[in-house]
Amino acid sequence: MTGTRVRVRFAPSPTGDLHVGGARSALFTWLFARHHGGDFILRIEDTDRRRYVEGSVEGILESLRWLGLEWDEGPYFQSERLAIYREHAERLVAQGDAYPCYCTPERLEQVRNEQRARGEPPGYDRRCRHLSPDERAAFEAQGLTPAIRFKMPESGTTVVPDLLRGHITFENRLLEDPVILKSDGFPTYHLAAMVDDHLMGITHVTRGEEWLPSAPLHVRIIQAFGWDLPVFVHLPVILRPDGKGKLSKRDGAVGVLEYKKAGYLPEALVNYLALLGWSAGDREIFSREELIRLFSLEDINPSPARFSFDKLAWMNQYYINHIISLDDLTIRCIPFLRAAGLVSAAAEDPASPEHAYVRSVVALLKDRLKTLAEVVELTSFFFTEGTEDYPAELLVPKKTEPALVLEALDRTRAILETADFADEAGMEAALRALAEQLGLKAGQLFMPIRVAVTGRTVSPGLFETLRVVGRTRTLARLDVARAKLRAYVAQQAAAAG
RNA sequence: GCCCCCAUCGUCUAGAGGCCUAGGACACCACCCUUUCAAGGUGGAGAUCGCGGGUUCGAAUCCCGCUGGGGGUACCA
């Protein structure tokens, strides 16, 4: 293959969302193309009208774009190339490598059932392969539209060379005559993919290992046409987290776009997927450029790997916390805040004050965000006048009394009324001094203030939060908390008395 | 059932005959840091390299068998 320009393709069928398994195959293929400066071609294998899902092509394209896997050619649609496949099928018939089959699905089913009943392996009995001209004419006279089957050799072996597994030998007698052109005029994968891969000049056929058992068919079909074999690379499948079977829709978020929606970074997904079955030493974090530079098909681990939601989540958080910049993170968070109605369209303009404010909020969350979507839940109180409602009990930490907390909040308000909100250290010093005067530990004072200002017990650092929320809203929220607490104290007294 | 592929900590993996008292990462546990939650730091537990035979002075690394797991067995891809 040296001297030949690398041309590879990703060829999904539009039967649903692009899921992470397909995305990884696409990624490996794309990385290989980019590493060699070759071409990455996109082809839609829409030859099964019954399984076609409306809108899935758009979803697949969006998924690939989001992941940054830009294609150089296509998308080609097999449904638009029917004449080509028919021509090729007829050529095989003409040269004696294929034949029309008039068997109905019912008969095929019946044959299989009988074989099973007799304890034989189920398979096509090749009736139509041995039809006499008269019998054939009789079927034609009935007006039956035949499917076309490929003639597999009935003895001997077929060897499939695979880049990751070496040469695999199959017994021909155990293989069937596959339908290559259906009676509806559409080709099956076996014909369409081989014809397209040849016509499109594909040098390396990367595909899931579920294709390995039919690879000898493909080798024979290619040889029947007199073409050169491409390099076959059967990629390992991705298993469910528990290892019991292939990863599928039932196992949780499996669609690429679901991860986009959930606030995952495409970089993180790409990095995670690249490491599932491939590695380059002990390192784990690779930029797109590094992946391209280091990637090699030969280094793919041929054993199937389990998908780990945990590790992907860690990778995503790592990218948010350590890899991308604050400016970048801000820009990526804004669509989520917009969707939640927390910021206006103006925030999208990096020069706007609102954008700057979002940036100051996001800065406090950078080490705490696991996904972009979390930014909404974690920061809502920065974008509203007051906080969400909370029970008064939340203001009273363990081992403190409501009355004491009330006094603490009263005095906190007095301090913050005149404090410099830009001076975090100053506020902290003043409030630490107050805690000491009240005989409280720092945390016992900080928690009620946190709850008053944020409406919750978990938040970014207290003083940076105060700085960003600002004096006006802080004092108003302290007043709400104090009123809440006063009512709570009164109610307790009434209950006691 | 039959055919094919695969096999290192729970998981993803490093390892291409001596560098391995098997390394890293996630998850887990402890401690440190600490105003909450994270992040970060330090340490720990965790794999007789699925089992059994070979080959070799020497095997996680090569060969064979077994077992286990996965995939396929459609006029679906």
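Just above, that's the structure.
The rules we used
- Residues numbered from 1 in each chain as written.
- Chains lettered and ligands numbered in written order.
- Predicted model: local features only at pLDDT ≥ 70, side-chain atom pairs only at ≥ 80, totals over all residues.
- Heavy atoms only, no water.
- Salt bridge = Lys/Arg side-chain N within 4 Å of Asp/Glu carboxyl O.
- Helix = DSSP H or I, 4+ residues; strand = E, 2+ residues; numbered from the N terminus.
- Buried < 20%, exposed > 50% of the residue type's maximum accessible area, 1.4 Å probe, protein only.
- Pairing = 2+ DSSP bridges.
- Axes fitted to C-alpha atoms, helices over the stretch in contact; angles between N-to-C directions.
- Right-handed = clockwise from strand over helix to strand, strands pointing away.

J.: What is the right way to read the pattern of salt bridges from this model?
T.: Pairing is possible between side chains of opposite charge, provided their charged atoms come close. Counted under the stated rule, the structure contains 41 salt bridges. Residue Arg456 is joined to Glu377 by a salt bridge in which the shortest nitrogen-to-oxygen separation is 3.9 Å. Residue Arg456 is located in the loop between helix H17 (442-454) and helix H18 (462-469), and its partner Glu377 is located in helix H14 (residues 374-379); the two are separated by 79 residues in the primary sequence. Accessibility expressed as a relative area gives 15% for Arg456, which makes it buried. Notably, a salt bridge pairs Glu428 with Arg432, separated by 2.8 Å at the nearest N-O pair. Residue Glu428 and its partner Arg432 are both found in helix H16 (residues 424-438); the two are separated by 4 residues, about one turn of the helix.

J.: Please clarify how the sheet that holds strand S5 (residues 147-150) should be interpreted in this entry.
T.: Hydrogen bonding along the main chain pairs the strands of a sheet, whether they run parallel or antiparallel. Judged by pairing direction, the sheet is antiparallel, and its 3 strands sit side by side in the order S4-S5-S8 without closing on themselves. The outermost strands of the open sheet, each flanked by one partner alone, are strand S4 (98-101) and strand S8 (179-181). Strand-to-strand, the axes of this sheet are offset by a mean angle of 45°, without reference to chain direction. Where S4 meets S5, 4 bridges bridge the pair, whose relative direction is antiparallel. The partner of Tyr99 across the bridge, within S5, is Arg149.

J.: Would you mind going over the pairing of strand S9 (residues 204-208) with me for this structure?
T.: Note on strand geometry: in a regular strand, side chains alternate between the two faces of the sheet. Most of S9 is tucked away: 5 of the 5 residues are buried. Pairing between S9 and strand S10 (residues 231-235): 5 bridges, direction parallel. Looking at S10, one finds that Val205 is bridged to Phe232. What joins S9 to S10 is helix H7 (residues 215-225), and the crossover it makes is right-handed.

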